[in-house]
Amino acid sequence: MSALYEKGTPHAEGYRDVDVSAVAGERNEVRLVDVREPSEFDGLLGHILGAKLVPLSTVEQEAGSWPRDAELVMVCRSGVRSGRAAAQLVRQGFQRVMNLRGGMLAWNETGLPVVRAEHPPELQVADVLDTLLTRMLELGGGVPASLPLGLLQARGGAPTHAQLLCMLDLLRAAGQAAVKDPGAWEGMLRECRDLLAVSRPESSAA
């Protein structure tokens, strides 16, 4: 048994949340289960070497043959779906279930090794902002494309990773009531969030 489970933060559903840095140090000692869809597994965010793809809808059936004392780390894009999978496994009697806090977004942003079908584009944070503005203009609706630039001007100009992340959160809240197509709006924000996760840090962008 690894020490990873003991390092985790207990969750009310019976599993433990673990940080990406802790998982990276002991990933060969546990079973990594990625509950995303195949297109995500090989997509922009990629997957962790050695992870097994088990989409969320199939977890209950697949887990029927797993030993109940196996050390399992559930993985998804952000930690939400994997949390649901972890809770499901606890209800099935698994004793050492963990959820990767922050998912593949956090894994990428920490700069840990990722397996991808294709190399990601070379992006800086400013490139993600350009994509955001372009997509907002394409979608139209009640949230003006000038809003991100206004937020940046108020904070001093060039975007940082943290500023753009905050901006995406604000735009998600603003768009819930203002846009014509909430699904398309959410998809646009999700795309930009993924691009931000694989963008180069400000310190290496020069």
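Keep in mind that this is a model prediction, so the values were computed, not measured.

Engineer: Would you mind showing me how to read the side chain of R36 here?
Structural biologist: Inspection of the secondary structure assignment puts R36 in the loop between β3 (31-34) and α3 (38-41). Reaching out from R36, the side chain makes a polar contact with the backbone oxygen of E40 at a distance of 3.3 Å. For R36, the side chain forms a polar contact with the main-chain oxygen of G46, separated by 2.6 Å. In this structure R36 touches F41, L45, G46, H47, L53, P55, V75, C76, R77, R81 and M104, once residues within four positions along its chain are discounted.

Engineer: Explain helix α7 (residues 125-139) here, please?
Structural biologist: Think of an α-helix as 3.6 residues a turn; residues three or four steps apart then line up on the same face. Helix length check: α7 (15 residues) gives 21 Å between terminal C-alpha atoms against 21 Å at 1.5 Å per residue, within 8%. If you check which residues of α7 are buried, you get V125, V128, L129, T131, L132, L133 and M136. Looking one or two places after α7, you find G140, whose phi comes out positive at around 65°.

Engineer: What should I look at first to understand the sheet that holds strand β1 (residues 9-10) in this one?
Structural biologist: Across the sheet, 6 strands lie side by side as β1-β2-β6-β5-β3-β4; this open sheet has mixed pairing. Two strands in the sheet have a free side with no partner beyond their single neighbour: β1 and β4 (52-53). Contacts from helix α5 (residues 80-91) reach β5 (71-75) and β6 (96-100), with the element oriented near 175° to β6.

Engineer: How should the environment of A87 be read in this particular structure?
Structural biologist: Summarising the element assignment, A87 is placed in helix α5. Note on A87: relative accessible area 4%, which makes it buried. A C-alpha to C-alpha distance of 6.5 Å links A87 and Y15, two positions 72 residues apart in sequence. Ignoring any residue separated from it by four or fewer positions in sequence, one finds A87 in contact with E13 and Y15.

Engineer: What should I look at first to understand the layout of surface pockets in this one?
Structural biologist: Gaps left between atoms show up when a probe the size of a water molecule is rolled over them. The calculated volume of the largest pocket comes to roughly 290 Å³. In this structure, the largest pocket is lined by 19 residues; those nearest its centre are N108, A197, V198, S199 and R200. Mapped by element, the contributors of at least two residues to the lining of the largest pocket are α6 (103-109) and α10 (182-198). The dominant element in the lining of the largest pocket, judged by the number of residues it contributes, is α10, at 3 residues. Split by residue class, the lining of the largest pocket holds 9 nonpolar, 5 polar and 5 charged. Taken together, domain 1 (4-115) and domain 2 (125-198) each give at least three residues to the lining of the largest pocket, which thus spans both.

The rules behind each value
- Residues numbered from 1 in each chain as written.
- Predicted model: local features only at pLDDT ≥ 70, side-chain atom pairs only at ≥ 80, totals over all residues.
- Heavy atoms only, no water.
- Helix = DSSP H or I, 4+ residues; strand = E, 2+ residues; numbered from the N terminus.
- Polar contact = N/O pair within 3.5 Å; in protein donor to acceptor, adjacent residues only side chain to side chain.
- Contact = heavy atoms within 4.5 Å.
- Expected span 1.5 Å × (residues − 1).
- Buried < 20%, exposed > 50% of the residue type's maximum accessible area, 1.4 Å probe, protein only.
- Pairing = 2+ DSSP bridges.
- Axes fitted to C-alpha atoms, helices over the stretch in contact; angles between N-to-C directions.
- 1 Å grid on protein atoms, 1.4 Å probe; cavity = no way out; pocket = protein on both sides within 12 Å on 5 of 7 lines; lining within 4 Å.
- Points joined across faces, edges and corners; volume = space filled by probe spheres on them.
- Nonpolar A, V, L, I, M, F, W, Y, C, P; charged D, E, K, R; others polar.
- Domains from an automatic or database assignment.

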